[in-house]
Amino acid sequence: MSAITRAEVAHLAHLARLDIPDAELDHYAEQLDVILGAVARVSEVVADDIPPTSHPVPLVNVLRPDVIAPCLSREEALAAASAVEDDRFSVPRILEEEA
Amino acid sequence: MSSPKAFVDAIGEFEPVIGMEVHVELGTESKMFCGCPTRFGAPPNTQVCPVCLGLPGSMPVMNAAAIESIIRIGLALNCSIVEWCRMSRKNYFYPDMPKDYQISQYDEPLCVDGYLDVTVATADGPLTVRVEIERVHLEEDTGKLTHSGGSTGRIHGADHSLVDYNRAGIPLVEIVTRPVTGTGALAPEVARAYVTELRDLVRGLGVSDVKMEEGSLRCDANVSLNRPGDSLGTRSETKNVNSLRSVEQAVRSEIQRQAGVLAAGGRVVQETRHFHEDTGVTTPGRSKEQAEDYRYFPEPDLVPLAPSRAWVDELRAALPEQPSVHRARLAHTWGIGDFEMVSLVNAGVLDLVEQSVAAGLAPDAARKWWAGELTRAAGERGVDPADLPVTAQDIIRVEELIAVGALNDQLARQVFEGVIAGEGRPDEVVAARALAVVSDDGALLAAIDDALSAQPDIAEKIRGGKVQAAGAIVGAVMKATRGQADASRVRALLLERLGVEDA
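### Section: the overall build of chain B
The secondary structure content of chain B amounts to 16 helices and 15 strands. Taking the principal axes of its C-alpha atoms as reference, chain B extends roughly 90 × 55 × 50 Å. Of all 503 residues assigned to chain B, the portion counted as buried reaches 42%. For chain B, long-range pairs separated by at least 24 residues make up 70% of all intrachain contacts whose partners lie at least 6 apart in sequence.

### Details of the overall build of chain A
Secondary structure assignment for chain A yields 3 helices and 3 strands. Tracing chain A from N to C terminus, the helices and strands come up as α-α-β-α-β-β. The C-alpha atoms of chain A give a radius of gyration of 22 Å, which is well past the 13 Å a tight globule of 99 residues would have. Across its three principal axes, chain A shows a C-alpha extent of roughly 55 × 45 × 20 Å. Buried positions account for 7% of the 99 residues belonging to chain A.

### Notes on the sheet that holds strand β15 (residues 297–298) of chain B
Residues and elements named next belong to chain B. Across the sheet, 3 strands lie side by side as β5-β4-β15; this open sheet has antiparallel pairing. In the strand order of this sheet, the two ends are held by β5 (101–104) and β15, each with one partner. Inspection of the sheet shows strand β4 (residues 88–91) paired to β5 by 4 bridges, in the antiparallel sense. For N91, the partnering residue across the bridge sits in β5 and is Y101.

### Quick notes on helix α13 (residues 441–454) of chain B
Residue and element names in this part refer to chain B. Between the first and last C-alpha of α13 there are 20 Å, a value that for 14 residues agrees with the 20 Å anticipated at 1.5 Å per step. All buried positions along α13 are accounted for by L444, A447, I448, A451 and L452. One side of α13 holds all its buried residues, which, seen down the axis, span an arc of 140°. Among the exposed residues of α13, those pointing more than 90 degrees away from its buried face are G442, S453 and A454. Residues of α13 that are buried make contact with α14 (456–463), α15 (470–480) and α16 (487–498).

### Structural notes on the interface of chain B and chain A
Listed by partner, the interface residues are 43 residues for chain B and 33 residues for chain A. Looking at the side of chain B that touches chain A, the elements that each hand over two or more residues are β2 (62–63), α2 (64–76), β8 (144–148) and β9 (160–164) of chain B. If one sorts the elements of the side of chain B that touches chain A by residue count, β9 of chain B sits on top with 5 residues. For the side of chain B that touches chain A, a count of residues per class yields 24 nonpolar, 12 polar and 7 charged. Where strand β1 (residues 63–64) of chain A meets β2 of chain B, 2 bridges bridge the pair, whose relative direction is parallel. Looking across to β2 of chain B, one finds that L63 of chain A is bridged to M62 of chain B.

### Concerning the sheet that holds strand β7 (residues 125–140) of chain B
Residues and elements named next belong to chain B. The 9 strands are arranged β3-β6-β7-β10-β1-β11-β12-β13-β14 in an open sheet whose pairing can be described as mixed. Of all the strands in the sheet, just β3 (80–81) and β14 (282–284) have a single pairing partner and so form its edges. Here strand β1 (residues 15–25) runs beside strand β10 (residues 171–177); their pairing, made up of 5 bridges, is antiparallel. Bridged to H23 within β10 is E174.

### Section: the pairing of β4 of chain B
By the bridge criterion, 2 bridges tie β4 of chain B to β15 of chain B in an arrangement that is antiparallel. Each residue of the ladder has a partner; that of R89 of chain B, found in β15 of chain B, is F297 of chain B.

### Overview of the domain arrangement of chain B
Residues and elements named next belong to chain B. Here chain B is described as being made up of domain 1 (7–288 + 302–307), domain 2 (323–432) and domain 3 (441–498). Listed by partner, the interface residues are 16 residues for domain 1 and 10 residues for domain 2. Put simply, the parts of the chain that give the side of domain 1 that touches domain 2 at least two residues each are β6 (111–122), β7, α3 (187–205) and α4 (244–263). Per-element tally for the side of domain 1 that touches domain 2: the top contributor is α3, with 7 residues. Within the side of domain 1 that touches domain 2, the residues separate by chemical class into 6 nonpolar, 5 polar and 5 charged.

### Here's the deal with the nonpolar core
Ranked by size, the top nonpolar core spans 132 residues in total, and within it I70, V136, A191, Y194, A221 and V415 of chain B carry the most contacts. Looking at this core element by element, the count peaks at 9 residues for α3 of chain B.

### Some points on the environment of G206 of chain B
Its location among the elements puts G206 of chain B in the loop between α3 and β11 (217–226). Here the alpha-carbon distance between G206 of chain B and R72 of chain B, two residues 134 residues apart in the chain, equals 10.0 Å.

### Concerning the packing of α13 of chain B against α16 of chain B
All names here are of chain B. Interhelical geometry of α13 versus α16 gives an angle of 65° and a closest axis separation of 10 Å. Crossing of α13 over α16 shows right-handed handedness. Here D441, L444, L445 and I448 of α13 come into contact with α16, specifically with R489, V490, L493, L494 and R497. Tallied by class, residues from the contact of α13 with α16 come to 6 nonpolar, no polar and 3 charged.

### What about the packing of helix α8 (residues 350–358) of chain B against helix α9 (residues 363–381) of chain B?
Residues and elements named next belong to chain B. Closest axis-to-axis distance for the α8/α9 pair is 9 Å, and the angle between their directions is 145°. Note on packing geometry: the crossing formed by α8 with α9 is right-handed. Contacts from L352, V353, S356 and V357 of α8 reach α9 at P363, A366, R367 and W370. Here the contact of α8 with α9 is composed, by residue class, of 6 nonpolar, 1 polar and 1 charged.

### As for the environment of L217 of chain B
All names here are of chain B. Mapped onto the secondary structure, L217 falls in strand β11. On a C-alpha basis, the gap between L217 and T279 in space is 22 Å, while along the polypeptide they are 62 residues apart. Beyond its immediate chain neighbours, meaning those up to four positions away, L217 contacts V22, V24, R199, V210, K211 and M212.

About the thresholds
- Residues numbered from 1 in each chain as written.
- Chains lettered and ligands numbered in written order.
- Predicted model: local features only at pLDDT ≥ 70, side-chain atom pairs only at ≥ 80, totals over all residues.
- Helix = DSSP H or I, 4+ residues; strand = E, 2+ residues; numbered from the N terminus.
- Buried ≥ 20, exposed ≤ 12 C-beta atoms within 10 Å, placed from the backbone.
- Contact = placed C-beta atoms within 7 Å.
- Rg over C-alpha atoms; globule rule 2.2 N^0.38 Å.
- Pairing = 2+ DSSP bridges.
- Expected span 1.5 Å × (residues − 1).
- Arc of directions from axis to C-beta.
- Nonpolar A, V, L, I, M, F, W, Y, C, P; charged D, E, K, R; others polar.
- Domains from an automatic or database assignment.
- Core = buried A, V, L, I, M, F, W, Y, C linked by C-beta atoms within 7 Å.
- Axes fitted to C-alpha atoms, helices over the stretch in contact; angles between N-to-C directions.
- Left-handed = near helix turned anticlockwise from the far one by under 90°.

Here it is, written out as structure tokens:
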């Protein structure tokens, strides 16, 4: 029995825009369970005096001065676009999946 | 579908609670995480690079000027500046962000727990409301979408969308209030006064040009209603509120809509709504994704921010005069009271008056025209007074013409009407419309006699000493001369004609 449900896998798949067939939802639920179980073991050794780490390098305030740097040319910027119209990236209709 | 309630009825039955989320695009030279320029109006996709296009392998680096700007905004809003915080990734798939996430701040905003006092005019005089600021955080702006292929150009019915990423990555400061309660019928005005005050404060700091029409200041208005004594109701979030007038209108319209829904026994849905400038009402937008759906996590490509106390103190010491202090100084200089000052602020004309005075106009004249005729003309056209094509020089010229007796106030209004209609500068309008004060006493006396014989009972009253009745005759003469007479001269001639002393 997975702690992660089929519905949760389907929800995550939707958020990540992955098209996972119904038949495979249980498969991924089991795998995610194993992964979460492995990560959960870390919390077993966490003591209150160990803050969560989000970055391995103990640095703060890495800033750059407010100075303009060269951009890509428009041709370069649009070179990898799958479709271009009016010098803009053309993308499929937006609200389709939310409608 | 319930119909909206009248505003007065809505307020009679429910207590409105408002909350504002304001986005300010900072006026830095370069973007938040890369060196691309931020100039408004550049040709599409000419201010982009691998970082703001989200190309693989690119790494963001924070703009020091943007950090300084947000700290100054936080300090001016009486916030605490945290000693340590991180940026977060807000994950969502929408083509306005090429990375498929926005770098923002989630549970660790840079500035917290501030306030901004705003003043609104009421029948009992100016009322100051303290709007509490929950947080001020930093994020990056998104690209600009144009919807194509549909008949209306709006999002529904579009075949495909076109994206310009010039704006993507411009530093954006989000300022979030706590729920503002207890404002009752004043809620729409408080909302507007808050955005106005915030705009003036940010402009005073010189960190953004805060132009609502260009999108460098954007406002989302949250509104909920509850019956007295009940806990807070479900809120809606109205976007696309792009002018100060619209802020007030959107809050008012949402109060009326929600009151209609609740009074009919319905429930308010938590959703994003769109405000329509043309109709003044809101319509449903996309349903709001829950915060957990954004799967925020600390941004791994950036190290934490830890502004030193010394730096924060230095920035605090260098803050400019607060708008409220600035206004007090202006009020003193111009010799006006609180009430007049609040009226100018609420009409959105304080800056215009100040600019006109700086250009050489007398403060009284600047106030008279901006707060009077020009505010009225702007309201009639549904625009902000600042958007009228009237310059300080125009008003100065009109005042000169009045001073030499070539125009009176009524004709001056016609001159402004012409200037607003694009007929040219004042002298051109005066010439084209043949506007001139009738100063020929003979013509005026003829008109006075006509008016007296048309209204003999009033003539009798005036003769009998009721001098205040003279207004009716003066009005008739002004009408007969299509406003081209000098009303005070008409009055003097009239009283002389009837042999009555002025009261």
